[in-house]
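Spelled out from the first residue to the last, the chains are:
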Amino acid sequence: MNPKVECVCIIIFFAVACSAAQNEPSSGEVEVDTKDFACRRQLNYTIRNNLQEPTFEYSIAIRFCRQPFIRIMETAVNKNRNFMFSATYFPKLGYFIDAINGVRGFYNVNKTWWAFLKAPDTMLPVGVSSYYPANRDHIIFNFTQEDYS
Ligand SMILES: *[C@@H]1O[C@H](CO)[C@@H](O)[C@H](O)[C@H]1NC(C)=O
Ligand SMILES: *[C@@H]1O[C@H](CO)[C@@H](O)[C@H](O)[C@H]1NC(C)=O
Ligand SMILES: *[C@@H]1O[C@H](CO)[C@@H](O)[C@H](O)[C@H]1NC(C)=O
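Computed from a prediction, not measured in an experiment: that's the story for all the values here.

Cut-offs applied
Residues numbered from 1 in each chain as written. Chains lettered and ligands numbered in written order. Predicted model: local features only at pLDDT ≥ 70, side-chain atom pairs only at ≥ 80, totals over all residues. Helix = DSSP H or I, 4+ residues; strand = E, 2+ residues; numbered from the N terminus. Buried ≥ 20, exposed ≤ 12 C-beta atoms within 10 Å, placed from the backbone. Near = placed C-beta within 6 Å. Nonpolar A, V, L, I, M, F, W, Y, C, P; charged D, E, K, R; others polar. pLDDT = per-residue confidence, 0-100. Contact = placed C-beta atoms within 7 Å.

**Q** Tell me about unusual backbone geometry, residues and numbers included.
**A** Geometrically, the link from E53 to P54 is a cis peptide bond, its omega value of -5 degrees lying close to zero. Locating P54 in the fold gives a position in the loop between β1 (41-49) and β2 (56-64). Here the bond from A119 into P120 is cis, since omega is 0 degrees, no more than 30 degrees from zero. Along the chain, P120 turns up in the loop between β6 (112-118) and β7 (122-123). For K92, which is not glycine, the phi dihedral falls at a positive 70 degrees. If you check the backbone angles, N101 has positive phi at about 50 degrees while not being a glycine. N101 sits in the partly exposed class, given 18 other C-beta atoms within 10 Å.

Structure representation (structure tokens):
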């Protein structure tokens, strides 16, 4: 490389590096941007009871940040009382959902319980305290009567 070309290359390098540095926000701004993006995630949450009267199905679209599904269930209740639920906290495992919209599972009596699914029919392998939903998830609680599997 002749000295003139080398010089131009160095100038171009610095010019590019400098403009990149100017465009780079401070670390504080990066944090805010990341958070805002995370909170623009959206999911569809459905509760469905076809098993016993009165049957119902409700869906709600919820915007959320990265958080376990139990927090989104709380948000749903704040928006719509049909999504009210009750739960029992088990050590380490987190919350087990006992009842939704007044319908309670009696697994010991007749094997009824609220199955936690990803649409259309995938059983989630973890509970509401451990599942961190992804953007555009469709989560369903389906009142069902069968063995856990
Ligand atoms: C949510 O799911 C329900 C049930 O499948 C569907 O009827 C509804 O259109 C969906 N809503 C959104 C916002 O995707
Ligand atoms: C299950 O048992 C509970 C408690 O006895 C009862 O209220 C409910 O109707 C039963 N549900 C079904 C589907 O058998
Ligand atoms: C929902 O529960 C009903 C009643 O037990 C059952 O017939 C149906 O197959 C379940 N749907 C899914 C997607 O698991």
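**Q** Got a sec to walk through the site of ligand 2? Specific residues and values, please.
**A** Close contacts around ligand 2 come from L51, Q52, F106, V109, N110, T112 and Q145, and that covers them all. Class assignment for the residues of the shell around ligand 2 results in three nonpolar, four polar and no charged.

**Q** Mind laying out the confidence of the model for the chain, listing which residues take part and the relevant values?
**A** Detailed reading of the predicted model is not advised wherever pLDDT is low. Residues with a pLDDT of 70 or more make up 74% of the chain, whose mean pLDDT is 83. Throughout residues 7-33 the model reports pLDDT below 50, and contacts reaching past four residues in sequence, or to other chains, amount to one contact.

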